[in-house]
Amino acid sequence: MTRRGLQGALLYGALFACAIYFLAPLYVMIVASFKTLAEVRESSITALPTVWTVEPWIKAWSSACSGLECNGIRPYFLATFEIAIPAVSLAVAIGALNGYAMAKWRSRAADIIFALILIGSFVPLQLFLIPLAITLRELSIYGTSFGLVLIHTVYGIPLTTMLFRNFYVALPDELIRAATMDGAGFFKIFSSIVMPMSGPIAIVAVILVFSGIYNDFLFALTFGETGKRPIMAAVQNLVASSYGIKEHNVNIAAVMISALPTLLLFFATGRFFVRGLTQGALKG
Amino acid sequence: MSNGLNPGAESAHDNLGENRACLPGGHCGGIWQHPEEVEGKTMKILSGTLAAGGCALLALSVSPAFGDSDVSHNWNSENEAEAMRIFRDKYIELGGEWSDTAFPDSEASIASVKARFIGGNPPMALQSALGGVMRDFAEAGLLQNMDEAAEAGGWADNISDSIAAVGRYGGHWVAAPVFVDVINWMYTNNDVLDAAGVAQPDTWDDFTASLPALQEAGVVPIAIGGDSWQEAILFDHVVLAVGGAELYENLMTGDAATVAGEQTRRVLEEFAGLRQYTDEGKSGRSWNDTNTLMITGQAAFFFMGPWAAGGYGDLGPEGGSWSCRLTPWDASLTVVADGFQFIKVTDESDMAAQVLLGNAVMDPATQIAAARAKGTLPVTTVAMASDFEGCPAKAVEAMAGSTSITHWNGRSADVGNAIKDTASALWNQAIDVDAAHQQLIDKL
Amino acid sequence: MRIAGKRISANRAKAWLALIPAVVVAFYFIWGFAAYTAYLSVTKSTFLPNHEFNGAANYRALFEDDRWWVAYSNMFIFGGLYLAGCIGLGVGLAILIDRLTGKEALFRTIYLYPMSLSLVVTGLAWQWILNPTIGIQKIVREAGVEDFKFNWLVSPDHAIYTIAFAAVWHGTGLIMILFLAGIKSTDPEIWKATRIDRIPAWRVYVSIILPQLRATLLTAVMLLGFQVVRSFDVVVALTNGGPGYASDVPARYVFEYFFQRGEIGQGAAGAVVMVATMIAIVLPYLYFEIRRREA
């Protein structure tokens, strides 16, 4: 074998070996979710189903029980979107405006606020739980969708602000200066010059914030509405408390269903995502 | 704790009520709260209420802003859910509108209720063991005074005074006790024992001697899951093996000489010694999954509460392929009252819902039906021994002739946590027997 | 000129208006809340917050608790392995993919998709694979190696490593993408020059390209560090802190003390120690990096 051929083989070998690590869990979950209960208990987790069945998926979606409720995870799905859509819109819109103000109207005070937010994103969320509960109580929205919309908007803002700020810093200042000279104001510049250029980073922000909210567990667990818990808390609860002989295939199917929206979003927007990420997040 | 008394033994099979009357009063004295003892705490409630009022000034009041008429519970196994369904149906029949939130275990449901207290949006009722947590909540003024409903609904009519005391705090009704759970069951897969040529163990020595043989035969000798409360339930059986009811009671009440003594040390040693007879999959496993090991013939013994019995239906009647026995090596019963705590709500419709729920769960016929479904004993004295079969019937029988002691789950949270923490740390090799002993001495 | 100045100051005012949400988030929802929790840590709060002063008693109880120290040191073990794993593997994969001439998108997708999944899903998925009675150990044993042992998930000494293992699976893709972009953005002339000098490819990466990617490394460390302090979900889903409390982490410890145990005071003390630790690590690094870049 030539030296180049050997190198190529090693290269692909290494890439394939790593691919196994990354694909194994997905493979194991997919095959398990299509097995009958008897088979999922007997057979090896790597074996393909001898009889393929969609029964676990149907059951997980619409009739698996948690406590007395046997509605599967469908209701939690809708509940999660009810929270995620307004929260993503708000967090992205506010983050864009904040990022623009910080990047293009720099002042020492704005820099300090940015630093406070940036360092703040390292603060463990546990520090916020008790005061959040009290705040939600004072607003009478504890245990409601509004409460979670507020929480996710608030804690989405640091990320969106950071993304947009870093993106806008790279825009030439001359653009803004020229527009100011032409008489455009702060908001006018934002809406007519800055916003139209924000496409790539906005997509990244929407994907990241949506995934963050959809995949959130801690807030869902602590502040979720009774019977309408957001999906991750609901799935974890279903897996932990489903009764009788544990239906691993149904549980795994439930986990797969809960993973699908963000997974599909990723596959659908992967190209944008990678491009946006490399343009935005890198330039800090 | 009193012992020796044995009234009602002769009538054990006739009338559960008579047994019940003597059970907590006679045998569980000092464990179930005595009414006199409770009266003394009125001051504490008052001061608790004042403290809560003070908090309100600092925008931290605990009075809920609005209510949500749901029930938090951890009855998530098939038979438990069936019991809840029976209560629900009665509640709906009485005109209520039902909603509930199920949790994997009691710790999770109590955690949720605590979080909801802070958020000012607690559920209307919490199903749990009636013990330390209830007293903590009541002391903080978070439970509803249900005296009127209890009076009108005749809650006290069909239960013994000592059980009634469990549902009261400071002389007022704050909870509806519905079941008496006997916790110290040993489930056995008889087919597995037969296949390994092992006889039913009657003594602790028999039991420990059977374990290597079972392991040899390729089954898991002791089924156990990964929660600290499961580990603590196994621990109970070892305590009973070493020192019976007396040791158990002295440990739970933190008797200094007992805790520091040789017996306690032996308990810890024996307990740690069981670890080698469990399987590797135990970590993180729920009790339901662990029960599956038993049902599918992969394990021989399982120490679990009455809620596990419902899973064995597929194996046929009790006594055949499987059996449930109360700790064979000691005649004591560890018991805890299970019921519904009524959380303080201000919304009129929620308060009405609480009355309906209270009346539904205290209805004797409903309670008996639910107890049968759950495989445990109702508190109502209307129940007859003949109402029960299988494991609960054994419990009824045993109650007449044994000493009942309050399980750690019915005691203060500190005691429960001390037992769970220590048992779990030792079991999972975070500390050795010396350190575990020291930890018990420090915590109890 | 005066008009322009006026306009600029009007715009400055509008910029401040736009920054109101950021100000509220920074001063109320982040640092105000942190301060409030710090305050709770010196009160006698049990399952409800109260305002009775308790001095340093909660901290004393915390520091005397073995469980806390296990959880606290686990944060460093997990954090170290997670950062090393994600960055090591991520950089390695970025280089491998950079060497590829085709199929780049395929591999990139395979390595990146776990990032779209939640840590709850990650934990639950790995739980099945790492469980010795159904996962890898069983498969290898059934394949003939009967005394094969891989029971880290249930071993008190090793459970924390499995959490890092699952979390690295989740986090590597993002790091790979960041570095891949960094590598691609370096000057292609480097390759022409080094080819003439016959410098091997790996040396070009190690000595020339990677040193240019300090900014990327900073981003990577920040993004991953952010995950470490929030490592609650994956622990709950994978081991729930077990066996016993061997794989507990401060985030879970604090949550348990807040709600399950109803010891808000001690939980708050734990949360404060967490954030103090984070600040002690992040601040000097951030300061150093910013100084470096400004220089």
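Residues numbered from 1 in each chain as written. Chains lettered and ligands numbered in written order. Predicted model: local features only at pLDDT ≥ 70, side-chain atom pairs only at ≥ 80, totals over all residues. Heavy atoms only, no water.

Draft legend 1. Region of interest: the overall build of chain A. When helices and strands are counted, chain A shows 13 helices and zero strands. Over its C-alpha atoms, taken along the principal directions, chain A stretches across nearly 75 × 70 × 30 Å. Expressed as a percentage of contacts within chain A between residues at least 6 apart in sequence, the contacts between residues at least 24 apart total 70%. Accessible area for chain A stands at about 10900 Å²; split by element, carbon and sulfur atoms hold 68% of it. Side chains of chain A carry 19 positive and 13 negative charges; the gap between the two charge centres is 10 Å. (Helix = DSSP H or I, 4+ residues; strand = E, 2+ residues; numbered from the N terminus. Contact = heavy atoms within 4.5 Å. Areas by Shrake-Rupley, 256 points an atom, 1.4 Å probe, with all protein chains shown as cover. Lys, Arg positive; Asp, Glu negative; His and termini not counted. Charge placed at Lys NZ, Arg CZ, Asp CG, Glu CD.)

Draft legend 2. Region of the structure containing the interface of chain C and chain A. Taken residue by residue, the interface counts 92 residues in chain C and 87 residues in chain A. Summing the contributions of chain C and of chain A, the shared interface buries around 8100 Å²; its carbon and sulfur component is 81%. Linking chain C with chain A are 16 residue pairs in polar contact (both at pLDDT 80 or more), by the criterion used here. The leading source of residues in the side of chain C that touches chain A is helix α2 (residues 20-40) of chain C, at 15 residues. By residue class, the composition of the side of chain C that touches chain A is 69 nonpolar, 12 polar and 11 charged. (Buried area = accessible area lost by both parts, 1.4 Å probe. Polar contact = N/O pair within 3.5 Å; in protein donor to acceptor, adjacent residues only side chain to side chain. Nonpolar A, V, L, I, M, F, W, Y, C, P; charged D, E, K, R; others polar.)

Draft legend 3. Looking closely at the nonpolar core. Of all hydrophobic cores here, the largest spans 219 residues; its most connected members are Tyr155(A), Tyr168(A), Phe223(A), Phe137(B) and Tyr111(C). Each residue touching Phe223(A), except ones within four places of it in the same chain, is listed here: Leu129(A), Leu132(A), Ala133(A), Leu136(A), Tyr142(A), Gly143(A), Leu148(A) and Ile151(A). Counting 117 residues, the second largest nonpolar core, distinct from the first, contains Trp98(B), Leu193(B), Leu214(B) and Tyr245(C). (Core = buried A, V, L, I, M, F, W, Y, C linked by side-chain atoms within 4.5 Å. Buried < 20%, exposed > 50% of the residue type's maximum accessible area, 1.4 Å probe, protein only.)

Draft legend 4. Quick peek at the pattern of salt bridges. Going through the model one piece at a time under the given rule, you end up with 34 salt bridges over all chains. Between Arg265(B) and Asp434(B) there is a salt bridge, and its shortest N-O distance comes to 2.8 Å. Linking Arg265(B) in helix α13 (residues 262-274) with Asp434(B) in helix α19 (residues 433-443), this pair joins segments that are 169 residues apart in sequence. Residue Arg265(B) is classed as partly exposed on the basis of its relative accessible area, which comes to 21%. Close ionic contact of Arg67(C) with Glu256(C) constitutes a salt bridge, the shortest N to O distance being 3.3 Å. Here Arg67(C) is found in helix α4 (residues 66-99), whereas its partner Glu256(C) is found in helix α13 (residues 250-260), with 189 residues between them in sequence. Like Glu256(C), Arg67(C) is buried. Among the ionic contacts, a cluster of salt bridges with common partners joins Asp421(B), Lys443(B), Arg67(C), Asp248(C), Arg252(C), Glu256(C) and Arg261(C). (Salt bridge = Lys/Arg side-chain N within 4 Å of Asp/Glu carboxyl O.)

Draft legend 5. Geometry of helix α10 (residues 204-216) of chain B. All names here are of chain B. When the terminal C-alpha atoms of α10 are compared, their 19 Å separation across 13 residues agrees well with the 18 Å that a helix rising 1.5 Å per residue should span. All of the buried residues in α10 are Trp204, Phe207, Ser210, Leu211 and Leu214. Looking at the buried positions of α10, the neighbouring elements they touch are α9 (190-195), β8 (220-223), α11 (228-252), α13 and β9 (299-304). Just downstream of α10, glycine 218 is the residue with a positive phi angle, here 85°. (Expected span 1.5 Å × (residues − 1).)

Draft legend 6. Structural context of the sheet that holds β9(B). Residue and element names in this part refer to chain B. What the four strands build is an open sheet, ordered β8-β9-β7-β10; its pairing is mixed. Edge positions in the open sheet fall to β8 and β10 (322-326), since each of these has one partner strand only. Shown here is a sheet whose adjacent strand axes are inclined to one another by a mean of 20°, direction ignored. In the sheet, strand β7 (residues 185-189) pairs with β10 via five bridges, with the strands oriented antiparallel. Among the inter-strand pairings, methionine 186 is bridged to a residue of β10, identified as arginine 325. (Pairing = 2+ DSSP bridges. Axes fitted to C-alpha atoms, helices over the stretch in contact; angles between N-to-C directions.)

Draft legend 7. Region of interest: the environment of Cys324(B). Residue and element names in this part refer to chain B. Its place among the elements puts cysteine 324 in strand β10. Taking the C-alpha atoms as reference points, cysteine 324 and glycine 390, 66 residues apart in sequence, are found 8.3 Å from one another. Setting aside residues no more than four positions away along its own chain, cysteine 324 makes contact with Trp185, Met186, Tyr187, Glu318, Cys391 and Lys394.

Draft legend 8. Structural context of the environment of Asn71(A). You can see Asn71(A) is positioned in the loop between α3 (55-62) and α4 (74-104). Judged by its relative accessible area of 36%, Asn71(A) falls in the partly exposed class.

Draft legend 9. Local environment of the packing of helix α18 (residues 413-427) of chain B against α19(B). Residues and elements named next belong to chain B. Close contact between α18 and α19 brings their axes to 10 Å; oriented N to C, the two are set at 170°. Here α18 lies roughly antiparallel to α19, going by the angle between them. Across the interface between the two elements, Ala418, Asp421, Thr422 and Leu426 from α18 touch Val433, Ala436, Gln439, Leu440 and Lys443 from α19. (Parallel < 35°, antiparallel > 145°, perpendicular 65-115°, else oblique.)

Draft legend 10. Representation of the state of the cysteines in the model. Residue and element names in this part refer to chain B. Within the structure shown, the criterion is met by one disulfide over all chains. Linked covalently through their sulfurs, cysteine 324 and cysteine 391 form a disulfide whose S-S length is 2.1 Å. Handedness here is read from the sign of the S-S torsion; for cysteine 324 and cysteine 391, about -110°, the answer is left-handed. Here cysteine 324 is found in strand β10, whereas its partner cysteine 391 is found in helix α17 (residues 391-401), with 67 residues between them in sequence. Residue classification places cysteine 324 among the buried positions, given a relative accessible area of 0%. (Disulfide = S-S within 2.5 Å.)

Draft legend 11. Inspection of the pairing of β9(B) at higher detail. All names here are of chain B. Judged by how many residues are buried, β9 sits mostly within the fold: six of six residues are covered. For β7 and β9, the ladder comprises four bridges, and the chain directions are antiparallel. Pairing of methionine 186 across the sheet is with phenylalanine 303, part of β9. Bridge count for β8 against β9 is three bridges, and the pairing is parallel. Bridging across to β9, valine 220 finds its partner in alanine 299.

Draft legend 12. Structural context of the packing of helix α4 (residues 78-93) of chain B against helix α15 (residues 348-362) of chain B. All names here are of chain B. Running from N to C, α4 and α15 point in directions that differ by 125°, and their axes come no closer than 9 Å. Taken together, the axes of α4 and α15 lie oblique to each other. Viewed along their axes, α4 and α15 form a crossing whose handedness is right-handed. Along its contact with α4, which presents Phe87, Lys90 and Tyr91, the element α15 presents Ala353, Leu356, Leu357, Ala360 and Val361. For the contact of α4 with α15, the class distribution of residues is seven nonpolar, no polar and one charged. (Left-handed = near helix turned anticlockwise from the far one by under 90°.)

Draft legend 13. Highlighting the packing of aromatic side chains. All names here are of chain A. Inspection of the entire model under this criterion finds 72 aromatic pairs over all chains. Their ring planes at 45° and their centres at 4.8 Å tell us that tyrosine 100 and phenylalanine 186 sit as a pair that is tilted. A residue pair is termed long-range when its members are at least 10 positions apart, and tyrosine 100 in helix α4 and phenylalanine 186 in helix α9 (residues 186-194) qualify at 86 residues. Taking the relative accessible area as the measure of exposure, tyrosine 100 reaches 0% and is therefore buried. (Phe/Tyr/Trp six-rings, centres within 6.5 Å; stacked < 30°, edge-to-face > 60°.)

Draft legend 14. Here's a closer look at a negative patch on the surface. Together, Asp136(B), Glu139(B), Asp414(B) and Glu263(C) give the surface a local cluster of negative charge. For Asp136(B), the position within the fold is in helix α6 (residues 132-139). (Patch = residues over 30% accessible without salt bridge, like charges linked within 9 Å, V, L, I, M, F, W, Y side chains within 5 Å.)

Draft legend 15. Seen up close, the side chain of Gln367(B). Residues and elements named next belong to chain B. In this fold, glutamine 367 is placed in helix α16 (residues 364-374). On the basis of relative accessible area, glutamine 367 is assigned to the buried category, the value being 1%. Discounting chain neighbours no more than four positions away, the residues touching glutamine 367 are Phe87, Pro177, Val178, Phe179, Val361, Met362, Pro378, Val379 and Thr380.

Draft legend 16. Highlighting the side chain of Ser323(B). All names here are of chain B. With respect to the element layout, serine 323 can be found in strand β10. Residue serine 323 is classed as buried on the basis of its relative accessible area, which comes to 6%. Within the structure, serine 323 has its side chain in polar contact with the side chain of glutamine 200 (distance 3.3 Å).

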